[in-house]
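An overview of the molecular structure
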Amino acid sequence: MFHLDVAHPYFGVFVIFIFTFALFLTMTFLSRFIGRKMASKNTQKLKLAPYECGLAPTKQPNRISSQFYLMALLFILFDIEIIFMFPWAVDFKILGIFGFVEMILFLLLLVVGFVYAWRKGALQWQSMK
């Protein structure tokens, strides 16, 4: 016979976790089983249509310019730059001159990337004609 240590402070939490996980799996499979048994097997043409009323949908060509995606990517890039500057600003006195030089190099690298994108025309909003 072995000794089960139930005096551990987290034993109750572990039991509740196992019970909750088992209940979750049981409810998931039970709802899936009941849903499949009660689902209607009617395959009428109208039921399988994407819309049950109104005009039939027509496929339209994609007219979204890639300029939207490029602008979003540049926004995220420069937004993350600001996020990296917050911890630096909080610990500015602790980091000293080394931290200041590192941030200047970081900003210089981002400015070079910004100028490159600007020269390539990534920031020019073109017409959608």
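On a predicted model such as this, the values are computed, not experimentally measured, just so you know.

Criteria and thresholds
- Residues numbered from 1 in each chain as written.
- Predicted model: local features only at pLDDT ≥ 70, side-chain atom pairs only at ≥ 80, totals over all residues.
- Heavy atoms only, no water.
- Axes fitted to C-alpha atoms, helices over the stretch in contact; angles between N-to-C directions.
- Helix = DSSP H or I, 4+ residues; strand = E, 2+ residues; numbered from the N terminus.
- Parallel < 35°, antiparallel > 145°, perpendicular 65-115°, else oblique.
- Contact = heavy atoms within 4.5 Å.
- Nonpolar A, V, L, I, M, F, W, Y, C, P; charged D, E, K, R; others polar.
- Expected span 1.5 Å × (residues − 1).
- Bend = angle between axes of the 7 residues up to and from the residue.
- Buried < 20%, exposed > 50% of the residue type's maximum accessible area, 1.4 Å probe, protein only.
- Patch = residues over 30% accessible without salt bridge, like charges linked within 9 Å, V, L, I, M, F, W, Y side chains within 5 Å.
- Areas by Shrake-Rupley, 256 points an atom, 1.4 Å probe, with all protein chains shown as cover.
- Salt bridge = Lys/Arg side-chain N within 4 Å of Asp/Glu carboxyl O.
- UniProt positions renumbered as here; feature names shortened; annotations may be inferred.

**Looking at the packing of helix α3 (residues 66-90) against helix α4 (residues 92-119)**
The geometry of α3 relative to α4 is characterised by a closest axis approach of 10 Å and an angle of 170° between their N-to-C directions. Between α3 and α4, the angle falls in the class roughly antiparallel. Where α3 abuts α4, its residues Leu 74, Phe 78, Glu 81, Phe 84, Met 85, Trp 88, Ala 89 and Val 90 lie against Phe 92, Leu 95, Gly 99, Phe 100, Met 103, Phe 106, Leu 107, Leu 110, Phe 114 and Ala 117. Classifying every residue of the contact of α3 with α4 by side-chain character gives 16 nonpolar, 1 polar and 1 charged.

**Observations regarding α4**
Relative to the 40 Å expected for 28 residues at 1.5 Å per residue, α4 spans just 33 Å between its end C-alpha atoms, considerably shorter than the ideal helical length. The largest bend in α4 amounts to roughly 70° and is located at Phe 98. For α4, the set of buried residues is Gly 99, Met 103, Leu 110 and Ala 117. On the buried face of α4, the contacting elements are α3.

**Concerning a nonpolar patch on the surface**
The grouping of Phe 92, Ile 97, Phe 98, Phe 100, Val 101, Ile 104, Leu 105, Leu 108 and Val 112 at the surface amounts to a nonpolar patch, some 880 Å² of accessible area in total. Summarising the element assignment, Phe 100 is placed in helix α4.

**Description of the UniProt feature "transmembrane region" (unreviewed entry) in the protein chain**
The feature "transmembrane region" (unreviewed entry), as annotated in UniProt, sits at residues 12-35, 68-88 and 94-118 in this numbering. For residues 68-88, helix accounts for 100% and strand for 0%, while the C-alpha atoms at its two ends are 31 Å apart. Along residues 94-118, the helical share is 100% and the strand share 0%, with 35 Å between the first and last C-alpha atoms.

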